[in-house]
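The lines below spell out each chain.
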Amino acid sequence: TNHDQQTGFINKSLSYHTYISCSSLPDFHQLILVQRLWELWVECKKPGHIIVIGSTSELRSMSKYATEKRALKDWCMNFNRISVGNEPLVVKKSNGVKISHLSPGLLDTENNKKTESNKIDLDYFVDTIKWVMDQPEEIVINNLSVYPVQ
């Protein structure tokens, strides 16, 4: 994705309350796109919810893909957390924008049909995303990992 394509895309996002990022764009473009989108929403004082779908591969691999997903998770996790003196970490909403990071384990998709491991049903994961979206305004699910039991 080039800069002009990203700009057009993030400008369209201003028409929506929720943005769900579920891509595997190479070369950190998913992170760059989410960060640019968040910056525009803050600049425009647009409240909303950015939900970023990561991957549990961030924990299992040193591949470029896993490194990119780790960077995405770190950005999401640290973007709205602050410490106040000796108080524990608190979550703050930046200008009305919530960010949630969800890391699913192996999803039951066409690409994973040959894998013998247990998988997460897609409808279940969609329900999980909806649950995150349906939280009261004063609650943000900052990070959530969902694994199938093996």
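Everything below is about the structure shown above.
Residues numbered from 1 in each chain as written. Predicted model: local features only at pLDDT ≥ 70, side-chain atom pairs only at ≥ 80, totals over all residues. Heavy atoms only, no water.

Across its full length, the chain holds 4 helices and 6 strands. Starting at the N terminus, the α and β elements of the chain follow one another as α-β-α-β-α-β-β-β-α-β. For the chain, the proportion of its 150 residues judged to be buried stands at 40%. Restricting the contact set of the chain to residue pairs at least 6 apart, pairs at least 24 apart contribute 64%. Accessible area for the chain stands at about 9,000 Å²; split by element, carbon and sulfur atoms hold 55% of it. (Helix = DSSP H or I, 4+ residues; strand = E, 2+ residues; numbered from the N terminus. Buried < 20%, exposed > 50% of the residue type's maximum accessible area, 1.4 Å probe, protein only. Contact = heavy atoms within 4.5 Å. Areas by Shrake-Rupley, 256 points an atom, 1.4 Å probe, with all protein chains shown as cover.)

Attention now goes to the packing of aromatic side chains. One pass over the structure, following the stated rule, counts 1 aromatic pair. Centroid distance Phe9 to Tyr19: 5.8 Å. Interplanar angle 75°. Geometry classified as edge-to-face. With a gap of 10 residues between them, Phe9 in helix α1 (residues 3-12) and Tyr19 in strand β1 (residues 18-21) connect regions that are remote in the sequence. One residue, Lys46, lies across the ring of Trp41, its end atom 4.2 Å from the ring centre. (Phe/Tyr/Trp six-rings, centres within 6.5 Å; stacked < 30°, edge-to-face > 60°. Lys NZ or Arg CZ within 6 Å of the ring centre and 35° of its normal.)

The next subject is the sheet that holds strand β2 (residues 48-53). Ordered by their spatial adjacency, 4 strands build an open sheet running β1-β2-β5-β6, and the pairing between neighbours is parallel. The open sheet is flanked by β1 and β6 (143-146), the only strands paired with a single partner. On average, each strand axis in the sheet is inclined to that of its neighbour by 15°, with strand direction left out of account. Bridge count between strand β5 (residues 97-104) and β6: 4 bridges; the pairing is parallel. Across the sheet, the residue bridging to Pro104 is Val146, located in β6. Against the sheet, helix α2 (residues 29-43) engages β1, β2 and β5, with an angle of about 175° to β2. Docked against the sheet, helix α4 (residues 122-133) engages β1, β2, β5 and β6, running at close to 150° with respect to β2. (Pairing = 2+ DSSP bridges. Axes fitted to C-alpha atoms, helices over the stretch in contact; angles between N-to-C directions.)

Inspection of every chain in the model, using the stated rule, returns 2 salt bridges. Across the pair Lys113 and Asp108 runs a salt bridge, and its minimum N-O distance is 3.1 Å. We classify Lys113 as partly exposed; its relative accessible area is 46%. By relative accessible area, which is 29% here, Asp108 ends up partly exposed. Where Lys130 meets Asp134, a salt bridge forms, and the shortest distance between an N and an O atom there is 2.7 Å. Accessibility expressed as a relative area gives 48% for Lys130, which makes it partly exposed. (Salt bridge = Lys/Arg side-chain N within 4 Å of Asp/Glu carboxyl O.)

So, on to α4. Every α-helical turn comprises 3.6 residues, leaving residues that sit three or four positions apart pointing alike. End to end, α4 covers 17 Å across 12 residues, agreeing with the expected 16 Å (1.5 Å per residue, within 8%). Buried within α4 we find Phe125, Thr128, Ile129 and Val132. One side of α4 holds all its buried residues, which, seen down the axis, span an arc of 100°. Structural note: α4 exposes Asp123 and Asp127 on the side pointing more than 90 degrees away from its buried face. Close packing links the buried residues of α4 with β1, β2, β5 and β6. Here α4 starts with a cap whose side-chain oxygen sits 3.1 Å from the backbone nitrogen of Asp123, and that cap is Asp121. (Expected span 1.5 Å × (residues − 1). Arc of directions from axis to C-beta. Polar contact = N/O pair within 3.5 Å; in protein donor to acceptor, adjacent residues only side chain to side chain.)

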